[in-house]
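Remarks on the overall topology
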Amino acid sequence: MPRSSRYLVAVVALVLSAGGIPAALGQKSDIKRLAANEVKPPPADKTALQHLSPDSAVWLDKQNKRLIVEGEVCLTRGLLEMFACPKDSKEHESIVAVQGKAYVVHAGLLALGAKEGRPVQFDPEYVPASGARVDVICFWTDDKGKQQQTPAQQWIRNVKTKKPMEYHWVFAGSDFWLDENTGKRHYLGDAGDFICVSNFPSATLDLPVKSPQDNENLLYEAFTEKIPPRGTKVTLVLVPHLEKEAAKSSSNDEKKKQAN
């Protein structure tokens with residue numbers, strides 16, 4: 001059975017057991033365009049959305065082809081290995097801690113039709129993570145009561161250039177390990193490696209470019225001036241680029257170029 005099919009069975013089975021849902025690499029992302037476009041805010045009333053699991057604040061928005069994930073700011077200063085981690089995992093190196101399991105988000109992306117790729121490989125040579133691009137948009141309410149939104153990249157700063165991160169995330173898909181004593185499978189991304197800015201074979205979402213994980217060579221840090229205070233409630237909207245839509249967008253872009 002292909003790897004993606006095995007994951008579909010395994011991840012959806014995990015979500016079902018929790019009462020959930022039914023059955024260009026290295027290219028700089030167009031962050032400025034993403035920031036300029038108004039992404040529809042998540043609804044305050046989520047009753048029309050599909051809550052994926054009782055132990056996770058993750059909703060499937062089928063109509064808008066996206067996931068809604070709730071969390072809060074847990075770090076505003078320091079070097080990063082993650083952008084977001086599940087609560088009570090790697091808050092010391094993540095900006096956002098989400099109220100949910102990474103495997104639930106994985107299942108939701110599959111349910112939307114996102115193409116799962118492969119995690120980063122280091123041996124015998126480096127191969128970057130692959131998979132459908134996933135845009136991550138942050139929504140929060142500022143101290144004046146006004147709703148704000150920004151691409152997650154704007155909260156992440158390159159250590160050397162001091163500019164926001166330029167790359168998008170891909171749906172790498174993490175992996176499972178089997179506890180031989182209990183026979184239970186565990187999803188590796190739940191240990192903290194949810195939305196990563198350093199490359200990890202266990203990442204659910206990773207960067208499609210080389211980004212070291214050793215402390216001496218970390219590429220990214222929190223963009224302190226742009227992040228709201230710790231404890232601020234944040235809603236992440238994850239928008240996967242689906243194959244049919246990506247092909248249509250590419251075709252439209254080519255037509256525009258020819259017209260010009």
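Residues numbered from 1 in each chain as written. Predicted model: local features only at pLDDT ≥ 70, side-chain atom pairs only at ≥ 80, totals over all residues. Heavy atoms only, no water.

**As for the pairing of strand β10 (residues 176-179)**
Looking along a regular strand, one sees the side chains alternate between the two faces of the sheet. Our working definition: A pair of strands is considered paired only if DSSP assigns at least 2 bridges between the two. Runs of H or I in DSSP of at least four residues are treated as helices and runs of E of at least two as strands, each being numbered from the N terminus.
Where β10 meets strand β11 (residues 184-187), four bridges bridge the pair, whose relative direction is antiparallel. Following the sheet pairing, L178 is matched in β11 by R185.

**Concerning the environment of D206**
Note the following rule: In this analysis, two residues are considered to be in contact whenever any of their non-hydrogen atoms come within 4.5 Å of each other. Here a polar contact is recorded for every N or O atom pair within 3.5 Å, except that within protein the pair must consist of a potential hydrogen donor and a potential acceptor, and residues adjacent in sequence are included only if both atoms are side-chain atoms.
Take D206: it is sitting in strand β13 (residues 205-206). Considered as a pair, D206 and I195 are eleven residues apart in the sequence and their alpha carbons are 6.2 Å apart. Each residue touching D206, except ones within four places of it in the same chain, is listed here: V120, A129, H168, W169, V170, A172, C196, S198, N199 and F200. Within the structure, the side chain of D206 is placed 3.3 Å from the backbone nitrogen of F200, a separation counted as a polar contact.

**Some points on helix α3 (residues 102-112)**
Working note: α-helix, 3.6 residues per turn, so residues spaced by three or four point in the same direction. Filter applied, for reference: Categorising residues by exposure relies on relative accessible area from a 1.4 Å probe, with only protein chains included: less than 20% of the type maximum marks a residue as buried, more than 50% marks it as exposed, and the intermediate range marks it as partly exposed.
Among the eleven residues of α3, ten are classified as buried, and the element is accordingly described as predominantly covered. Turning to α3, its buried residues number three or more, namely A102, Y103, V104, V105, H106, A107, G108, L109, L110 and L112. Taken from the residues just after α3, G113 is the one with a positive phi, measuring 100°.

**Let's talk about the environment of K87**
Its location among the elements puts K87 in the loop between β4 (82-86) and β5 (96-98). It is 8.5 Å that separates the C-alpha atoms of K87 and K101, two residues lying 14 residues apart in sequence. Ignoring any residue separated from it by four or fewer positions in sequence, one finds K87 in contact with A97, V98 and Q99.

**Quick notes on the nonpolar core**
A general tendency of soluble globular proteins is for nonpolar side chains to be buried together. Stated formally: As used in this record, nonpolar core signifies buried Ala, Val, Leu, Ile, Met, Phe, Trp, Tyr and Cys residues forming a set joined through side-chain atoms within 4.5 Å.
Within the largest apolar cluster, 48 residues are counted, with the highest numbers of intra-cluster contacts made by F83, W155, W169, L236 and L238. No other element matches the seven residues that α3 contributes to this core. With eight residues, the next largest nonpolar core counts V39, L49, I68 and V237 among its residues.

**So, unusual backbone geometry**
Trans is the common state for peptide bonds, and a negative phi is the common state for residues other than glycine. The omega angle of the peptide bond from D123 to P124 is 10°, so this bond is cis rather than trans. By secondary structure assignment, the location of P124 is in the loop between α3 and β6 (133-141). With a phi close to 55°, K65 is a non-glycine residue in the positive phi region. With respect to the helices and strands, K65 occurs in the loop between β2 (56-61) and β3 (66-73). On the accessibility criterion, K65 (39% relative accessible area) is partly exposed.

**Concerning the packing of aromatic side chains**
Geometrically, a pair of aromatic rings is defined through the distance of the ring centres and the angle of the planes. Operational definition: Stacked, tilted and edge-to-face are the three classes applied to pairs of Phe, Tyr and Trp rings, where Trp contributes its six-membered ring and a pair requires centres within 6.5 Å; stacked means planes under 30 degrees apart, edge-to-face means over 60, and tilted covers the rest. A ring has a charge above it when a Lys NZ or an Arg CZ is no more than 6 Å from the ring centre and no more than 35 degrees off the ring normal.
Within this structure, the stated rule accounts for five aromatic pairs. Pairing F83 with W169 gives two aromatic rings, centres 5.9 Å apart and planes at 40°, and the pair type is tilted. On the criterion of sequence distance, the pair formed by F83 in strand β4 and W169 in strand β9 (residues 169-171) is long-range, its members being 86 residues apart. One aromatic cluster is present, built from ring pairs that chain together F83, W140, W155 and W169. Positioned over the ring face of Y126 is K210, at 4.8 Å from the centre of the ring.

**A look at the pairing of β2**
Most of β2 sits out of view: six of its six residues are buried. Side chains S56, V58 and L60 project from β2 onto one buried face, and the interleaved A57, W59 and D61 project onto a second face that is buried too. Count of turn residues in the strand β1 (residues 50-53)/β2 antiparallel hairpin: two residues. With four bridges joining them, β2 and β3 adopt antiparallel strand pairing.

**Side note on the environment of M165**
Positionally, M165 belongs in the loop between β8 (156-158) and β9. Sequence separation between M165 and Q153 is twelve residues, and the spatial gap between their C-alpha atoms is 5.2 Å.

**Concerning the confidence of the model for the protein**
Heads up, the condition is: For every residue, the predictor states its confidence as a pLDDT score lying anywhere from 0 to 100.
With 79% of its residues at a pLDDT of at least 70, the protein reaches an overall mean of 86. Taken together, the stretch residues 1-11 has pLDDT below 50 and engages in 25 contacts with residues farther than four places along the chain or on a different chain.

**A word on the pattern of salt bridges**
We count it as follows: Salt bridge, as used here: a side-chain nitrogen of Lys or Arg that lies within 4 Å of a carboxyl oxygen of Asp or Glu.
Per the counting criterion, the structure on display carries eight salt bridges. Taking the shortest distance from any N to any O, the salt bridge between R66 and D61 comes out at 2.9 Å. With respect to burial, R66 and D61 carry one shared label: buried. Here E225 ties to R157 by a salt bridge, and the two come within 3.3 Å at their closest N and O atoms. You can see E225 sitting in the loop between β14 (220-222) and β15 (233-240) and its partner R157 sitting in strand β8, a full 68 residues away along the chain. Taking relative accessible area as the criterion, E225 reaches 61% and is therefore assigned exposed. Several salt bridges converge on common partners, so that one network encompasses R157, K162, E221 and E225.

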